[in-house]
Structures are given as structure tokens and as C-alpha cells.
Amino acid sequence: MSKDLTKAKFKRFDFCIKFSPKLTDAQLEYITALLDKQKIRNHVVKDPKLSPTTHIFIDVDSPEAIVREAENQSIYKELSSKAASEKKDSLISRLKEGSQSQQYKYHQHQQVQELEKYKPFTFEKRHLFLSEVEGGKQDKSPEPKETPKTETEGEKAAPTGKKPALKDLIQKNMMPEKAQAPSKSGEPEDFSRYLSLFTPAELIRIKYSILEKLKIDKTDAKYKSLFDPEGTMASYPAEGLFENLIGLGVIEYVSALHNRRQLEKVTTDPKSLNNYYGEEITMYFEYMKHYRTWLRFPALLGVADYALKHLPVFSQWASVYDDVYALLTVVWATLYVIHWGRTSSELTTKWHSYSKYQRLADRRPEFKGKTRINPITELPELYHPKKQLYFHYLVSLLYTVPLLLVAGLVVVVCLNMSAYTTESTSIYMPYFAKMAQKGGIFEVGTIGYYIPTVLQVIGIAYINGIYQKVSYRRTVAENHMMKSDFDNALIVKRFAFMFISYFLYLLYIAFWRFDIQALKTELVTIYIVDEFRRVATEAVIPYVLKSHKIKKMNEENPDLPDEERLNKFIKSKIVEMASPSFESFVEYIEMIFQFGYVSLFACIFPLAGPLSVLFNHVEMASDFWKIKTSYRRPLPKKSGGIGTWFYILQAITVIAVTSNAILACIGDYSVKKIESYGKVEYENLKESVSHLFVYEHFVLLIVVFLWAVIPSVPKWVEIYRKRKKSTVKVF
């Protein structure tokens, strides 16, 4: 370890590579030599006293490389006030003159005006984004004298008094005039002054993009002998250092490191979150805030519904309250999803991470394809036939469906062991059902009655561990070009498993047995236990374990020399590297399921609304706390919204129409179950079915009407996106 490496210098490392225990000295030497060759500053930590595995702390120090790579990241920055004013004044004044209209006004939407100040950062026009103070630092060179323009062949001077064409004016003035080069004095330009333009999250994203482009020569004999003697990755088309060594099992993962000074200033404000964590994490917290705000409506209605049904004076109209509450909850759910879609479109537009702007930085380096000439652009591109993708979809079904059936079988077995089946049901299993009968080990009313629930949780968790690995590998095999497509495909697979695990149990009790009382009991139990489980396993336990490691490390060495204090600091970073990573899938699916509890079973569990408001305050504080203290720093990513989760929310609102209609119209208050001489009959069944048909179609009509009438995006967003898409094409 370098003795001259100070703690202050060490803090500037933004990334760390964690290697597997099988790393050899020769492999380490090859990797460090490659990093040195590419001018990547690195520091090797290979000390058993600090960590049993090897770590390399790395960073990109070249400001010029960072500024050049920023152009490839679709980063929008505000033009300097001088450049913006020149563009605006020149464009507007000449448009007025060219169109001979004195009534032209800049666009009425303030949001559009504000976003027009932002332009994609490019290396060529980098100086246009510097402020006057920063721009004044550049070397000034005498501006060339203007020479009188002369007519060239094929170009005639415009007659006196004739206005130039509007098309020509716009084409000429869409961007400010190209400024002089930043430095003309022959001295090297100071690129470090441009780094202040970027947020910490953008700098991490730019640097990581540079690191991702580190390539290895697979034909190198030394590389083959050290890393891939069997040619495992020879057919893998990508040449990236990290992805190949991760595929070979040499590297476990590469992670960004927290900057403690910056982290202490981070709050739940969207700008603060976006500056440090990037758009993806900010989108999650904005979704949480939006959901928590909108939950106040069903919370108030739920309290009112619960109170009215339990007051003796009003309890006789309990079924009416259920119908009204179910109707209002479904309408609320629809409006909530629509409004979130509008809010999400506003956020992605402000961040310039929608549509093509997101996809520019969305390509997966692991994508495998054949080079072909694009028939439209006539440029070379990597291409993967759709037929192969659909074939892999089919193979994924063959792998995942059996595991889904096994998960469903576990749920069915536990239903039998919990006395929820009878001989007349199609899923009745005599062997397991007898265990819940009188004298059985899972008899109702005994402690053993709760054992099937525990067994279900353990069994589902074990199968889920296998399913996650299978679903991930199959999604990798599908070979998606875009990261967003890869994430969405993985979300669909994992959501299917979680839905079967969580809701199959409840749906059977609700719509097969029509046991409303049992459904209420299960809903309350599952909901409350799951909320406490989330806070304990995702925040408290990781924080306690991490704090224990750091406390133990501090207690063992009270007074240490400088080198030992450096070692302790390094070990604290290694402890950070051992922390779990933040997984947005887990966070989103918890909120989606909570939304399902509130909307799907509204008339059965009216207190889900107020309880969700309470738990969401704890959940949001817990998520913010754990992402700052208990998790590794996630790599900043662009976000085009919540992706597939939005379509799942839409599906839940439609399903909620039917589920609430059935529970409200054929529940305990409407249909009476009568058992006589071993036969089961239902009173008022025909009337309830008629009521169900009218009620469901009426609510569904309201939902469709709301989706049709309310625009999916605000007007200013639509205008801005269309203007960016067809700037001059109308001419």
C-alpha cells in the first residue's frame, strides 16, 4: 500500500472494484497495467487485515476526457445569459421582421420558455454554457475584423427592402452564433472550469461511461492464458473490461462510492436528490410523495366508512356505504394513475430524459448483434432479429411457468392446511386438509393453526430465490438492446411471481369461498405484518449490522498513527462496498401491492387507506435513511418514468372495478349463505347478480370516460415535445 497516500487524496476516488477471492497476482498486475495505460488513477488494497478480498479504488482525473464524454450522455445545460439573450433577441426580432407581423409573442407557457434556455451540452459549443464570470477566465483573443460580404456565384444579393424568407431566418437563428474558440493563445485550455457545470450525479455517470469503454484485447495471448484459457467469453461480442471480467467471475461488481460531504447536504427535495443520485432515484421518491399525497382522499373516506358502519344509528345502511366507498375508491384510483402519468411526463420533460433523449444513453453494453446497414439511415448498426427475441420469450416461458406453478402449488397446499378448502372445492387435498381438522396438528384455534402461514412464507421465499436467478438469466438471454427494455422484461417476470405469491391466497378466499370475514382477517394480518417486516429487514437490520462493523473496527484501534488511520478509513469504504445495493424493483413492488390492497379490496378493508398514509410516512423516511446510511451508492441513471409499473397500475384500476363490484354486490350484506341438510343455498343471489352487472358497467363507464377526457400529458409538455421533434420540418 502506498504510504504517501493521504486520507484527503483518498476521498477523491469515486469508484471501487471488488474482486472475487480467486483473483491471482498475475491477473491483478495485468488489470492495474491496463488501468495505468488508460490513465485511470487507481489504488490497490490487498491486505488480509483490511479485507479478505482485493479491492481497487479508481477514478478518472482527466477533465478533458470528462468534458468530451459529456456530449454522449444527453446532458442538457442552461445557456449562459449572454448566449441565451443573443439567441432570443435575434430570433424574435428577425421573425417579427420576416413575417411582417407586429403581434408575434414568445410562447405563452412559462414552462416552455424556461426549458428553451436548456440545450444539449456538446464539446464543440462548451463555452456557450459558461457564465460570464467563468467565461471571463478564458484566454481572450482579438476578434477578427468583419470583412464586407461579396456576392458569390449562385448567390444574389437581396433587393433593397425585400424581407428574408421566414424559413431562412429560423434555420439561421435556432442556435446562437458560433463563438470564438475558448483559447487562441497557444496555451492549453483549462478544461477543469467546465466541471462546475455538472452535478455530482452527472459527473459520476460521465466517469462511469468512460470506465465502461475500457476495452481488452481478446486475441492477446497473455489475456487468454490469465483469464480465459478455455475461451468462455471468446464468442461474447462486447470487449468491455468490466463486463468480460464480471462474466468470467473475476470481478464481483463495480460500485460508486459515497462522498460524505455531498451526502450530508442531500435532502428529499427533488433538486437535491437529482444532483446527487440522478433521475432514477429521484423519480422513485417523487412517486412516493405523489402517492402519499393522493392517499389522503381514500384515508378520509375509509375512516368515515368504518365509523358509519360501526355506529348503531347508521349501521343499517352498511351495504350502501360499501357501494359508495367502492365507487369513490375506484374513481380515485383512476384519477390518481392519470395524474401520476401527467406528473411523470412533466418530470421527464424537465430532465430531458423522455423518449429519444433517454434512449441515447440507454443502450446495454452487453447487447449482442450482427452488424448491418440500416435501410433508413444507411449507417452501420448492431441488429438482433425479432424472430430470435420471440423465440427466447418462448424459452423464458418454458423456464418460468413451471416455477410459477410450483409457487401456486405451495399456496394451494397451505390453503388446505389452513382449513380454507372443503370436499366440494376443486383444489381440495385430503391429505393436507385433514391436518386442519379437529385433532390435527394445524387445528383451528390452536398455536399450530399459524404454522401453515409460516411454512408458506418460507417456501415462497426459497422458490423466489431460485426464480430470481432463472428470470434474470433468461432476461439476459433475450438480448435486449435497451436497458429500459431489459428492466421491463425482468419486472414482468418477477411481478408475476410476486402476484401469485401474495394475491392468489386472498383472491381464492374472496372470490371462490366468498368468506368475507376470513378475507378481512387475512388482509389485516398480511398487511400489517408485511409493513413491519419491510421496515425491519430493509432498514433497521442493514443499519445495525453496518454500524456494528464500524463500531467494532473503531474499538479495536483507539490511538493509531497516520498510516493506520488511513487503513481504518479504507476499511470503512470496504464496509460500504459490502453493503447491499439499492434495488428499485423491491421498493416499487411494495408500493404497487399497497395500492392493490387499497383499491382491490376497498369495501372490505376501508382502513387500508389511513394505515397506508401512516406507514408511507415511515416508509419514505426509512427509504431515504437507508439509501444514505445502509446501501452502496447507486449509479446515476436517466429515467423515462416508472416504466412497466405504470401499466401495472392501470391494470389494477381496471381489475378493481370488478373486484369491488363483486365484493360489494355479493358480499355478506347482499347474499346470505344458508346451509340446510348438507346443502348450501344463497338468498338474494339473482338480485345481487343483476345489481353486480349494472354496478360494474356503470363504474367501468366512468373509468373509461375519465381516461378519454383527461389528457395523458399537460398541454405545455405536449407543445414543448412537438417543438423539439419538428423544429423546422414544417417548412
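### Thoughts on the overall build of the protein chain
Now for step 1: In terms of regular secondary structure, the protein chain is built from 27 helices and ten strands.
Now for step 2: When each of the 731 residues of the protein chain is scored for burial, the buried share is 46%.
Now for step 3: Partitioning the contacts of the protein chain with sequence separation of at least 6, the portion at a separation of at least 24 is 77%.
Now for step 4: Here the protein chain displays about 39300 Å² of accessible surface, and carbon together with sulfur accounts for 59% of that area.

### Side note on the packing of aromatic side chains
Now for step 1: Under the counting rule described, the total for this entry stands at 33 aromatic pairs.
Now for step 2: Ring geometry for Tyr284 and Phe582: centres 6.2 Å apart, planes at 65°, overall edge-to-face. Taken as a pair, Tyr284 in helix H13 (residues 279-294) and Phe582 in the loop between helix H22 (562-577) and helix H23 (584-600) lie far apart in primary sequence, 298 residues in all. In this pair, the class of Tyr284 matches that of Phe582, namely buried.

### Some words on the pattern of salt bridges
Here the idea is simple: oppositely charged side chains can pair when their charged atoms come close.
Now for step 1: The final tally for this structure, using the stated rule, is 22 salt bridges.
Now for step 2: Taking the shortest distance from any N to any O, the salt bridge between Lys207 and Asp59 comes out at 3.3 Å. Within this pair, whereas Lys207 is found in helix H8 (residues 200-212), its partner Asp59 is found in strand S3 (residues 55-60), the two being separated by 148 residues in sequence.
Now for step 3: Through salt bridges with shared partners, a single ionic network connects Asp14, Arg41, Asp59, Asp61 and Lys207.

### A short note on the packing of helix H20 (residues 483-511) against H23
Now for step 1: Here H20 crosses H23 at 40°, and the two axes come no closer than 11 Å. Taken together, the axes of H20 and H23 are oblique relative to one another. Regarding H20 and H23, the two cross each other, and that crossing is right-handed. Side by side, H20 and H23 meet where Ile491, Arg494, Phe495, Met498, Phe499, Tyr502, Phe503 and Leu506 of the first sit next to Phe585, Ile589, Ile592, Phe593, Gly596, Tyr597 and Leu600 of the second.
Now for step 2: Residue composition of the contact of H20 with H23, by class: 13 nonpolar, one polar and one charged.

### As for unusual backbone geometry
Now for step 1: Look at Ser74: it is not a glycine, yet its phi comes out positive at around 55°.
Now for step 2: By secondary structure assignment, the location of Ser74 is in the loop between helix H3 (63-70) and strand S4 (76-78).
Now for step 3: Backbone geometry places Asn479, a non-glycine residue, at a positive phi of 60°.
Now for step 4: The residue Asn479 is located in the loop between helix H19 (451-477) and H20 in this model.

### Regarding the sheet that holds strand S2 (residues 40-45)
Neighbouring strands of a sheet are bound in pairs by backbone hydrogen bonds; such pairs are parallel or else antiparallel.
Now for step 1: The four strands are arranged S2-S3-S1-S6 in an open sheet whose pairing can be described as antiparallel. Looking at which strands have only one partner, the edges of the open sheet turn out to be S2 and strand S6 (251-256). Put simply, the sheet's adjacent strands are angled 20° from each other on average, direction ignored.
Now for step 2: Both S2 and S3 contribute to a ladder of six bridges, which runs antiparallel. Bridge assignment links Val45 to a residue of S3, and that residue is His55.
Now for step 3: Along the sheet face, helix H2 (residues 25-37) touches strand S1 (15-19), S2 and S3 and points at about 155° away from the line of S2.

### Remarks on a nonpolar patch on the surface
Now for step 1: Together, Leu394, Leu397, Leu398, Tyr399, Val401 and Leu405 make up a nonpolar patch on the protein surface, roughly 620 Å² of accessible area in all.
Now for step 2: Locating Tyr399 in the fold gives a position in helix H17 (residues 386-417).

### Re the nonpolar core
Now for step 1: Residues Tyr287, Leu519, Phe595, Phe601, Ile642 and Trp645 are the most contacted members of the largest nonpolar core, which totals 87 residues.
Now for step 2: Sorting elements by how many residues they give to this core places helix H25 (residues 644-665) first, with twelve residues.
Now for step 3: In this structure, Leu519 is in contact with Leu506, Ile509, Ala510, Phe601, Ile604 and Leu663, ignoring residues within four places of it in sequence.
Now for step 4: The next biggest cluster of nonpolar side chains, apart from the first, holds 46 residues, and it includes Ile31, Ile75, Leu128 and Val254.

### Some thoughts on the confidence of the model for the protein chain
Now for step 1: Of all residues in the protein chain, 76% have pLDDT values of 70 or greater, and the mean over the chain is 77.
Now for step 2: Considering only residues more than four positions removed or in separate chains, one finds that residues 98-106, a stretch of pLDDT under 50, has twelve contacts.
Now for step 3: pLDDT under 50 marks residues 139-164. Its contacts with residues more than four places away, or in other chains, come to 13 contacts.

### With respect to the layout of surface pockets
Rolled over the atoms, a probe with the dimensions of a water molecule shows which regions are left empty.
Now for step 1: In this structure, the second largest pocket occupies an estimated 1200 Å³ of space.
Now for step 2: Forming the boundary of the second largest pocket are 36 residues, of which Val457, Met498, Tyr502, Asp530 and Arg533 lie nearest the centre.
Now for step 3: Per-element accounting of the lining of the second largest pocket gives the leading share, nine residues, to helix H21 (residues 516-556).
Now for step 4: Class assignment of the residues belonging to the lining of the second largest pocket gives a composition of 18 nonpolar, ten polar and eight charged.

### Structural notes on helix H14 (residues 296-310)
Spacing of three or four residues puts side chains on the same side of an α-helix, whose turn is 3.6 residues.
Now for step 1: Given a rise of 1.5 Å per residue, 15 residues ought to cover 21 Å, and the 21 Å separating the end C-alpha atoms of H14 matches this to within 8%.
Now for step 2: All of the buried residues in H14 are Pro298, Ala299, Gly302, Asp305 and Lys309. Take H14 and look down its axis: the buried residues cluster within an arc of 130°, on one side only. For H14, exposure combined with an orientation more than 90 degrees from the buried face picks out Arg296 and Leu300.

### Things to note about the pairing of strand S7 (residues 370-373)
Now for step 1: Examined bridge by bridge, S7 and strand S8 (residues 380-383) share four bridges and lie antiparallel to one another. Residue Arg372 lies in a different strand from S8, and its bridge partner there is Glu381.
Now for step 2: Where S7 hands over to S8, the hairpin turn is made up of six residues, of which Glu378 adopts a positive phi near 60°.

### A short note on the pairing of S6
Now for step 1: Taking burial as the measure, the six residues of S6 include five buried ones, the bulk of the element.
Now for step 2: Looking at chain direction, S1 and S6 are connected through five bridges and run antiparallel. Bridge pairing in S6 links Cys16 to Ser255.

### As for the side chain of Ser209
Now for step 1: As for its position among the elements, Ser209 is in helix H8.
Now for step 2: Side chain to side chain, Ser209 and Glu69 meet in a polar contact 2.6 Å long.
Now for step 3: The contact partners of Ser209, leaving out residues within four places of it in the chain, are Glu69 and Gln73.

### A word on the side chain of Gln27
Now for step 1: Note that Gln27 resides in helix H2.
Now for step 2: Note on Gln27: relative accessible area 8%, which makes it buried.
Now for step 3: Among the polar contacts made by the side chain of Gln27, one reaches the main-chain amide nitrogen of Thr24 at a distance of 3.1 Å.
Now for step 4: Once residues lying within four places of it in the same chain are set aside, the contact partners of Gln27 are Lys22, Leu226, Phe227 and Val250.

### Some remarks on the packing of H14 against helix H24 (residues 608-629)
Describing two packed helices takes the angle between their axes plus the distance from one axis to the other.
Now for step 1: Running from N to C, H14 and H24 cross one another at 135°; their axes reach a closest spacing of 6 Å. As judged from the angle between their axes, H14 and H24 are oblique. Handedness of the crossing formed by H14 with H24: left-handed. Counted together, Arg296, Pro298, Ala299 and Val303 of H14 and Gly609, Pro610 and Val613 of H24 form the full contact between these two elements.
Now for step 2: Broken down by class, the residue content of the contact of H14 with H24 amounts to five nonpolar, one polar and one charged.

### A short note on H8
Now for step 1: With 13 residues, H8 should reach 18 Å at 1.5 Å per residue; the first-to-last C-alpha distance of 18 Å fits that figure.
Now for step 2: Where burial is concerned, most of H8 is hidden: eleven out of the 13 residues are buried.
Now for step 3: Buried residues of H8: Ala201, Glu202, Leu203, Ile204, Arg205, Ile206, Lys207, Tyr208, Ser209, Ile210 and Leu211, and no others.

What counts and how
Each chain has its residues counted from 1, following the order in which its sequence is written. Whole-chain, interface and lining totals are the exception, using all residues; otherwise, since this is a predicted model, local features are given only for residues with pLDDT of at least 70 and side-chain atom pairs are given and counted only at 80 or more. To obtain the side-chain values, all non-hydrogen atoms of the structure were used and water was disregarded. Runs of E in the DSSP output that reach at least two residues are strands. Runs of H or I that reach at least four are helices, and both are numbered from the N terminus. Burial classification: accessible surface area is computed with a 1.4 Å probe over protein chains only, and a residue below 20% of its type maximum counts as buried, one above 50% as exposed, and the rest as partly exposed. Here, two residues are considered to be in contact whenever any of their heavy atoms come within 4.5 Å of each other. The Shrake-Rupley method, run with a 1.4 Å probe, gives the accessible areas here. Residue values count only the displayed protein chains as cover. We call Phe, Tyr and Trp rings a pair once their centres come within 6.5 Å, taking the six-membered ring for Trp, and we label the pair stacked below 30 degrees between planes, edge-to-face above 60, and tilted otherwise. By convention in these notes, a salt bridge is any Lys or Arg side-chain nitrogen within 4 Å of a carboxyl oxygen on Asp or Glu. Convention adopted: a line fitted to C-alpha atoms gives each axis, helices being fitted over their contacting stretch, and angles between N-to-C directions are expressed from 0 to 180 degrees. Under this scheme an angle from 65 to 115 degrees is roughly perpendicular, one under 35 degrees roughly parallel, and one over 145 degrees roughly antiparallel; angles in between are oblique. Note on convention: near helix rotated counterclockwise from far helix by under a right angle means a left-handed crossing. Clockwise means right-handed. Charged means Asp, Glu, Lys or Arg here, nonpolar means Ala, Val, Leu, Ile, Met, Phe, Trp, Tyr, Cys or Pro, and polar covers whatever is left, Gly included. Strand pairing requires that DSSP identify at least two bridges connecting the strands. Without a salt bridge and with relative accessible area above 30%, a residue can belong to a patch; like charges are then joined within 9 Å and nonpolar side chains (Val, Leu, Ile, Met, Phe, Trp, Tyr) within 5 Å. Residue types Ala, Val, Leu, Ile, Met, Phe, Trp, Tyr and Cys, when buried and joined through side-chain atoms within 4.5 Å, form a set referred to as a nonpolar core. In predicted models, pLDDT denotes the confidence assigned by the predictor to each residue on a 0 to 100 scale. Within this scheme a cavity is a closed region of a 1 Å grid, computed over the protein atoms alone, that accommodates a 1.4 Å probe without allowing it to escape, whereas a pocket is open but has protein on both sides within 12 Å along at least five of seven lines; lining residues each have an atom within 4 Å of a point. Grid points are joined across faces, edges and corners, and a volume is the space filled by probe spheres set on the points. For a helix, the expected span equals 1.5 Å multiplied by the number of residues minus one. Comment: arc refers to directions from the helix axis out to C-beta atoms. In protein, a polar contact requires one atom able to donate a hydrogen and another able to accept it; more generally it is a pair of N or O atoms within 3.5 Å, and residues adjacent in sequence count only if both atoms are side-chain atoms.

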